[in-house]
Amino acid sequence: RCDTYEENKHFFLSHFFRDQYEKSLKNLPMVTSGVRITRIEVYVTNRTNNVSSMRNLVGLSDLAEKNPYRKEIVIPNTSILAADNKSNNLFTGLVNNESFRRIDNSGNILSGMGLKNGEDFELLRGAKKLTDREFEIQPELGYISLLSPLRNDEILSVAYEYTYQGRAYKVGELTEDYVSRKEDEVIILKMLKSSTIRNRLNNPMWNLMMKNVYSLAQGQIKKEGFQLRIVYKDDQTGMDTPNLKDVKTFANVPLIELLGLDKLNFNNDPKKDGNFDYVENVTINEKYGRIIFPVLEPFGSHIRKKFEGETEDLKKKYVFDELYKQTLMDAQQVSLKNKFFISGSVLSGGSEISLPLGASGASVRVYAGGNELKQGVDYTVDTQQGTIMITN
């Protein structure tokens with residue numbers, strides 16, 4: 001269903017990368033962003049007993065933003081177009097303030113500047129640094145994918161370096177910037193998700209969470225035998241339709257093409273062929289079985305542009321803006337628009353099968369030819385990795 005995007009897992013590293021996203025994917029299979037993320041450190045709210053990589057941090061939502069939310073307080077540097085610590089005056093005003101480094105002072109200093117806790121900044125005591133195994137980076141498009149989704153009240157902050165069109169940029173403080181500081185002093189990071197963002201959807205930070213990534217609940221995907229289409233469940237006919245027949249301007253255009261997923265043929269030549277554009281790590285993640293739309297809001301603003309010249313009634317019927325403007329839970333209640341589905345099939349190659357997110361190992365049943373197999377004899381379940389391994 002279109003209302004089951006992967007929530008709280010995929011985040012742009014700044015609005016600079018979000019703004020570049022669609023433009024960078026216009027010439028698939030090439031990615032023309034000019035970006036290369038070279039280093040990144042990721043911190044989240046610590047829910048574990050592991051204290052080995054803990055730090056106190058201040059996450060700032062306007063850090064490195066050339067179009068800050070608090071324009072009356074945070075002054076942009078118009079000479080820098082990319083995301084950088086010098087994109088505005090926020091970082092330079094704090095980085096050498098020793099009083100700010102004491103966590104008992106940090107909040108008061110930021111509040112004194114007019115910034116709001118939970119909206120513009122968050123203090124995190126003993127934040128957990130993620131290992132390389134706990135997230136993936138898309139180095140050309142500037143977003144991270146977490147292995148496990150964050151809870152709604154958890155915080156996500158990052159620091160990173162990257163190159164853009166041959167120049168180097170830096171956001172936040174990396175290990176070498178704070179290694180000589182006391183362990184209880186705060187470090188300055190870019191906040192991608194606050195603990196209360198769901199209550200403040202008008203904050204630009206809400207748009208850093210990607211809402212165009214879907215799980216197929218099946219990992220280890222291969223291109224051969226992979227088929228995918230997008231259908232609309234038509235209430236009048238009760239049928240799954242691959243196009244919107246009552247919209248005159250594109251009545252015969254398949255939804256998969258309309259939503260940006262068919263511009264290439266099987267060999268990735270620029271010629272649409274009615275099939276999904278299978279570009280590894282761009283439109284699909286084979287390892288985890290994810291579909292990634294090359295547009296930010298496929299069922300919202302993207303489809304709305306296609307309806308220019310059509311009646312308002314048709315726009316109201318099909319354009320699902322609520323999916324991007326509201327929380328996922330609220331959007332799922334809009335049953336009149338919640339009628340788009342991702343449909344298809346995949347050949348399960350190999351002996352490893354991914355468990356759907358949240359499935360318990362105890363609930364697994366495996367059948368071959370109608371006969372139930374025995375766990376420990378015919379297959380094993382790795383609950384930590386979320387996989388079933390066929391051993392027979």
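Everything numeric here is computed off the predicted structure, so don't read it as measured data. (Residues numbered from 1 in each chain as written. Predicted model: local features only at pLDDT ≥ 70, side-chain atom pairs only at ≥ 80, totals over all residues. Heavy atoms only, no water.)

Proline 29 follows leucine 28 through a cis peptide bond whose omega is 5°. Take proline 29: it is sitting in the loop between α1 (15–24) and β2 (35–44). With a phi close to 70°, alanine 64 is a non-glycine residue in the positive phi region. Within the fold, alanine 64 resides in the loop between β3 (55–60) and α2 (90–94). Alanine 64 sits in the buried class, given a relative accessible area of 2%. Of note, asparagine 281 is a non-glycine position whose phi angle comes to about 65°, a positive value. Take asparagine 281: it is sitting in the loop between α5 (255–258) and β13 (284–285). (Helix = DSSP H or I, 4+ residues; strand = E, 2+ residues; numbered from the N terminus. Buried < 20%, exposed > 50% of the residue type's maximum accessible area, 1.4 Å probe, protein only.)

This brings us to the packing of aromatic side chains. Taken as a whole, this structure holds 19 aromatic pairs when the rule is applied. Ring centres 5.4 Å apart and planes at 75° place the aromatic pair phenylalanine 226 and tyrosine 278 in the edge-to-face group. Of the two residues, phenylalanine 226 sits in the loop between β10 (213–215) and β11 (227–233) while tyrosine 278 sits in the loop between α5 and β13, which places them 52 residues apart along the sequence. Centre to centre, the rings of phenylalanine 293 and phenylalanine 299 are 5.7 Å apart; their planes meet at 70°, and the pair counts as edge-to-face. Assessed through its relative accessible area of 0%, phenylalanine 299 is described here as buried. Members of the aromatic cluster, connected to one another through ring pairs, are Tyr214, Tyr232, Phe250, Phe293, Phe299, Phe307, Tyr318 and Phe340. The ring centre of tryptophan 206 lies 4.5 Å from the NZ or CZ of lysine 211, which sits over that ring. (Phe/Tyr/Trp six-rings, centres within 6.5 Å; stacked < 30°, edge-to-face > 60°. Lys NZ or Arg CZ within 6 Å of the ring centre and 35° of its normal.)

Along α1, 7 of the 10 residues are buried, which leaves the element largely enclosed by surrounding structure. Looking at α1, one finds that the buried residues are His15, Phe16, Phe17, Arg18, Gln20, Tyr21 and Ser24. As for α1, its buried residues are in contact with β1 (10–12), β2, β6 (143–146), β7 (156–164) and β14 (290–292). (Contact = heavy atoms within 4.5 Å.)

These results come straight from atomic positions and should not be treated as a statement about function.
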